[in-house]
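# A closer look at the structure
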Amino acid sequence: MQRFGTLSFGHYGTLGAGRQLTAGDNLHQAIDLAQAMDELGVNGTYFRVHHFAKQHSSPMPLMAAIAAKTQHIEVGTGVIDMRYENPLYLAEEAAALDLIADGRLALGVSRGSPESVVRGYEAFGYTGSEDPRGADIAREHFDLFLRAIEGEGMAEADAQSPFGGAVGPQRIEPYSEGLRSHIWWGAGSHDTAVWAGQIGVNLMSSTLLTEDLGMPFDELQASQLQAFHDAWRDAGHPGTPRTSVSRSVFPITTNQDRMFFGHSQERGGVGYIDGLRSTFGQTYAAEPDVLIEQLKADAAVQAADTLMLTIPSQMGVEFNLHIVESFATHVAPALGWVPANAG
């Protein structure tokens, strides 16, 4: 683990005891937390995307606001659901955001996680899928998106246009030359990880894997990462790809931490989600010295270059900054962490 950041679902709504967190509160708090983490040298802030839910759903404006107010921190998604996306519009947005962020973009995309509605992407206008989960639409959209950000011409120039002068197929604008290397695929299995390696995009390993090979989650995930690296190498892609995993990690340094997380040591296991037999990871909550040993023993955390800490964003900026600062101060240096503002 060389880098770490936070992964936020962005929950908002009723919090209990008469408290209410609005969508606006949630967005402003995400910006404030990212600015504070940027000063700490935290490497990234990443946002989970869910539609038809009181969570993050339109990450581009949020990430642009963060990028404009920070200097070092990477802004990203984990992940955007490609079933819902217009590929060319997403390509324009991603290029603009990458330019605003001066290359600090880590755009994670995938088929997406289980929905809270039935085939919600059809309400967005994307119909005709022959797959019960819309995976074919996601792959088609992703293929067109990649072609667009690579600069392929998408529409023929109009010789009669008063704004003419160009001839032949025209690419989308703006164009960000380095954007292709900032794209990640969120993979939930060995097969999708291998596919990501073959086409040459970075890998975000899912918070759960939709397969059960009879081994602990961390070992299964480490095996997935290795399969990805093997596929990347066999395909002949240059350079070293990025990989990330996510974990719920809570350093206990105060009595308040112990009250909230002292009983949160959830072990991983096997269950079913979205109709698929899946392997789940565990939650880590302990004193820093114990966490260090636990995370050193986590095969996937050791194999990935980036660790994303899932945070309870609805608990506010101050509390989440405390979690992040505790990890940065007491745990991350022992795992090989390199702050974004180092040097």
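Anyway, here's the lowdown on the structure attached to this text. Just so it is clear, the structure is predicted and the values come from calculations on it, not from any experiment. (Residues numbered from 1 in each chain as written. Predicted model: local features only at pLDDT ≥ 70, side-chain atom pairs only at ≥ 80, totals over all residues. Heavy atoms only, no water.)

Moving on, we get to the packing of helix α5 (residues 135-149) against helix α6 (residues 190-199). Look at α5 against α6: their axes get within 14 Å of each other, and the N-to-C directions meet at 20°. Viewed along their axes, α5 and α6 adopt a mutual orientation that is roughly parallel. As for the relative orientation of α5 and α6, their crossing is right-handed in sense. Residues R139, F142 and L146 of α5 pack against T192, W195 and I199 of α6. (Axes fitted to C-alpha atoms, helices over the stretch in contact; angles between N-to-C directions. Helix = DSSP H or I, 4+ residues; strand = E, 2+ residues; numbered from the N terminus. Parallel < 35°, antiparallel > 145°, perpendicular 65-115°, else oblique. Left-handed = near helix turned anticlockwise from the far one by under 90°. Contact = heavy atoms within 4.5 Å.)

The next thing to look at is the pattern of salt bridges. Following the criterion strictly, the structure yields 13 salt bridges and no others. Residues R3 and D305 are paired through a salt bridge, measuring 3.2 Å at the closest nitrogen-oxygen approach. Separated by 302 residues along the polypeptide, R3 in strand β1 (residues 3-8) and D305 in the loop between α10 (299-303) and β16 (306-310) bring together distant segments of the chain. The class of R3 is partly exposed, set by a relative accessible area of 27%. The exposure class of D305 is buried, given its relative accessible area of 10%. (Salt bridge = Lys/Arg side-chain N within 4 Å of Asp/Glu carboxyl O. Buried < 20%, exposed > 50% of the residue type's maximum accessible area, 1.4 Å probe, protein only.)

With that out of the way, let us pick up α5. Here α5 is 15 residues long and its end C-alpha atoms lie 21 Å apart, about the 21 Å a rise of 1.5 Å per residue gives. Those residues of α5 lying buried are I137, A138, H141, F142, F145, L146, A148 and I149. On an axial view of α5, the arc spanned by its buried residues comes to 160°, and they lie on one face. In this fold, the buried residues of α5 make contact with α3 (87-100), β6 (105-110), α4 (120-123), β9 (183-187) and α6. One or two steps after α5, the chain reaches G151, where phi turns positive at roughly 95°. (Expected span 1.5 Å × (residues − 1). Arc of directions from axis to C-beta.)

A few words on the pairing of strand β5 (residues 74-81). With 8 of 8 residues buried, β5 lies mostly within the body of the structure. Strand direction decides the pairing type here: strand β4 (residues 44-47) and β5, joined by 4 bridges, are parallel. Considered in β5, the bridge of F47 is made with T77. For the handedness criterion, the β-α-β arrangement of β4, helix α2 (residues 59-69) and β5 is classed as right-handed. Note that β5 and β6 share 5 bridges and pair parallel. What sits directly across from V75, in β6, is L105. Taken together, β5, α3 and β6 constitute a β-α-β crossover, and its handedness is right-handed. (Pairing = 2+ DSSP bridges. Right-handed = clockwise from strand over helix to strand, strands pointing away.)

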